[in-house]
Amino acid sequence: MLCVSGTIIACENAIVVAIIIYTPSLRAPMFVLIGSLATADLLAGMGLILNFVFQYLIPSETISLVTVGFLVASFTASISSLLAITVDRYLSLYNALTYFSERTIFCIHMMIVITWVVSICLGLLPILGWNCLNDLSACSIVKPLTRSNMTLLAISFFVIFMVMLNLYFKICKIVCRHAHQIALQQHFFTTSHYVATKKGVSTLAIILGTFGTSWLPFAIYCLVGEYEYPSVYTYATLLPATYNSMINPIIYAFRNQEIRRSIFVLFCGCFQTNVSYRSRSPSEV
């Protein structure tokens, strides 16, 4: 099942990465972050496939250690990219007038660099010696990662989840306040304002709910699980986590009008490729 999930994840996110790379109009900070997320999920999907190959078809402890480190780096980059997208959406609402400034673009690029540097460092830790190959009693639910390593990753996830929860709560407050101000300017409240606000809040709830539902079971099991427990428990909690990388392209890419149009151009040739787009901020999207 993990191998099948990895194949679907890799195919979905390969399309998103190709679209963003080969479409010059998709160069706004928002699309750069979506590209970072899609790249991380693409690598995670490839890592799941490689892990299956080297664990069941071509068993090798050394290569298995590399693939596990690769998966740690990829999924860490995916989760961190989701945090970066959340920060970007908050900035686009909080600093709407200065969102397209050079400072914002610099901050976005710095977030991407920090995301990938931290992710790669965490992925290299098992390869550089923080593993339990020589001491099975120190192993976690994911061999060859140690319990302390998995505890660090789980706590990092909870910190990111709480930060995202806080930012999305602030985004909801800003959205509701903006809708209220628009209604006051027009001197009356219309149903459309309530519908738009409700739709925006529902979208944020779906985004955060999908992320939490996918990763919370595995993160909790990382803290309470033991190496002696049946491996089926690990797979049962890890499988939903992979679904998050499968759903991310749908939530963040395929629902976007510009990306959908670029997909039609690439696969169907339904539109002219020289049509220019107006870059929209995440708050507008």
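Residues numbered from 1 in each chain as written. Predicted model: local features only at pLDDT ≥ 70, side-chain atom pairs only at ≥ 80, totals over all residues. Heavy atoms only, no water.

Bringing helix α3 (residues 61–94) into the picture now. For α3, built from 34 residues, the straight-helix expectation of 50 Å at 1.5 Å per residue is met to within 8% by its first-to-last C-alpha distance of 49 Å. Taken across its 34 residues, α3 has 26 buried, putting it largely inside the fold. (Helix = DSSP H or I, 4+ residues; strand = E, 2+ residues; numbered from the N terminus. Expected span 1.5 Å × (residues − 1). Buried < 20%, exposed > 50% of the residue type's maximum accessible area, 1.4 Å probe, protein only.)

The next subject is the nonpolar core. Core analysis: the biggest nonpolar cluster contains 54 residues, and Met164, Tyr168, Phe211, Trp215, Phe218 and Tyr252 have the highest contact counts within it. Listed by contribution, the elements that provide at least two residues to this core are α1 (2–22), α2 (29–57), α3, α4 (102–127), α5 (147–185), α6 (191–224) and α7 (231–254). Look past the residues within four positions of Met164 in its chain and what remains in contact with it is Leu82, Leu83, Thr86, Leu208 and Phe211. Membership of the second largest hydrophobic core comes to 16 residues, among which are Ile19, Ile20, Phe31 and Ile263. (Core = buried A, V, L, I, M, F, W, Y, C linked by side-chain atoms within 4.5 Å. Contact = heavy atoms within 4.5 Å.)

This model, assessed by the stated rule, comprises 9 aromatic pairs. Ring geometry for Phe157 and Phe158: centres 5.6 Å apart, planes at 65°, overall edge-to-face. Under the relative-accessibility criterion, Phe157 is labelled buried at 4%. Site record: aromatic cluster; members linked through ring pairs are Phe75, Phe157, Phe158, Phe161, Phe211, Trp215 and Phe218. (Phe/Tyr/Trp six-rings, centres within 6.5 Å; stacked < 30°, edge-to-face > 60°.)

Further remarks concern the UniProt feature "transmembrane region" (unreviewed entry) in the protein chain. Under the UniProt annotation, the feature "transmembrane region" (unreviewed entry) is placed at residues 6–23, 30–57, 63–85, 106–130, 150–169, 201–220 and 232–254. End C-alpha to end C-alpha, residues 63–85 measures 33 Å, and it is 100% helix and 0% strand. Between the C-alpha atoms that bound residues 106–130 the distance is 34 Å, and the span itself is 88% helix and 0% strand. (UniProt positions renumbered as here; feature names shortened; annotations may be inferred.)

Another aspect to go through is the packing of α1 against α7. At a minimum axis separation of 10 Å, α1 and α7 run at an interaxial angle of 15°. The angle between α1 and α7 falls in the class roughly parallel. For α1 against α7, the interelement crossing comes out left-handed. Contact with α1, carried on its side by Leu2, Ser5, Ile8, Ile9, Glu12, Asn13, Ile15 and Val16, involves Tyr235, Leu238, Leu239, Thr242, Tyr243, Ser245, Met246, Pro249, Ile250, Ala253 and Phe254 of α7 and no other residues of that element. (Axes fitted to C-alpha atoms, helices over the stretch in contact; angles between N-to-C directions. Parallel < 35°, antiparallel > 145°, perpendicular 65-115°, else oblique. Left-handed = near helix turned anticlockwise from the far one by under 90°.)

What follows deals with the layout of surface pockets. Empty space within the largest pocket amounts to approximately 1,000 Å³. Taken together, 45 residues line the largest pocket, and the ones lying closest to its centre are Val68, Val142, Leu145, Phe218 and Leu238. Going through the elements one at a time, α2, α3, α4, α5, α6 and α7 are the ones with two or more residues in the lining of the largest pocket. A per-element tally of the lining of the largest pocket places α3 first, with 10 residues. (1 Å grid on protein atoms, 1.4 Å probe; cavity = no way out; pocket = protein on both sides within 12 Å on 5 of 7 lines; lining within 4 Å. Points joined across faces, edges and corners; volume = space filled by probe spheres on them.)

Moving on: the state of the cysteines. The final tally for this structure, using the stated rule, is 1 disulfide. Disulfide partner of Cys132: Cys139, at an S-S distance of 1.9 Å. Here the S-S torsion is close to 95°, and the disulfide linking Cys132 with Cys139 is therefore right-handed. For the pair Cys132 and Cys139, a shared accessibility class is recorded, and that class is buried. (Disulfide = S-S within 2.5 Å.)

With that settled, the discussion passes to the environment of Met111. Mapped onto the fold, Met111 is located in helix α4. It is 9.6 Å that separates the C-alpha atoms of Met111 and Ile85, two residues lying 26 residues apart in sequence. When neighbours within four sequence positions are excluded, Met111 is seen to be in contact with Ala84 and Val87.

With that settled, the discussion passes to the environment of Met1. Relative to the helices and strands, Met1 is located in the segment before α1. The spacing of Met1 and Tyr235 is 234 residues in sequence and 9.0 Å in space, taken between C-alpha atoms. Those residues in contact with Met1, other than ones at most four positions away along the chain, are Leu239 and Tyr243.

Per-residue confidence for the protein chain averages 83 on the pLDDT scale, and 86% of its residues sit at or above 70. Here residues 270–279 scores under 50 on pLDDT; set against residues more than four positions off or in separate chains, the count is 15 contacts. (pLDDT = per-residue confidence, 0-100.)

So, on to the pattern of salt bridges. This structure, assessed with the given rule, holds 1 salt bridge. Between Glu226 and Arg147 there is a salt bridge whose closest N-O contact spans 3.6 Å. Placement of Glu226 in the loop between α6 and α7 and of Arg147 in helix α5 is noted, with a sequence separation of 79 residues between them. Residue classification places Arg147 among the partly exposed positions, given a relative accessible area of 27%. (Salt bridge = Lys/Arg side-chain N within 4 Å of Asp/Glu carboxyl O.)

A cluster of nonpolar side chains, contributed by Ile155, Val159, Val163, Ile220, Leu223 and Val224, occupies part of the molecular surface with about 480 Å² of accessible area. When residues of the nonpolar patch are traced back to their parent elements, those giving at least two are α5 and α6. Structurally, Ile220 can be placed in helix α6. (Patch = residues over 30% accessible without salt bridge, like charges linked within 9 Å, V, L, I, M, F, W, Y side chains within 5 Å. Areas by Shrake-Rupley, 256 points an atom, 1.4 Å probe, with all protein chains shown as cover.)

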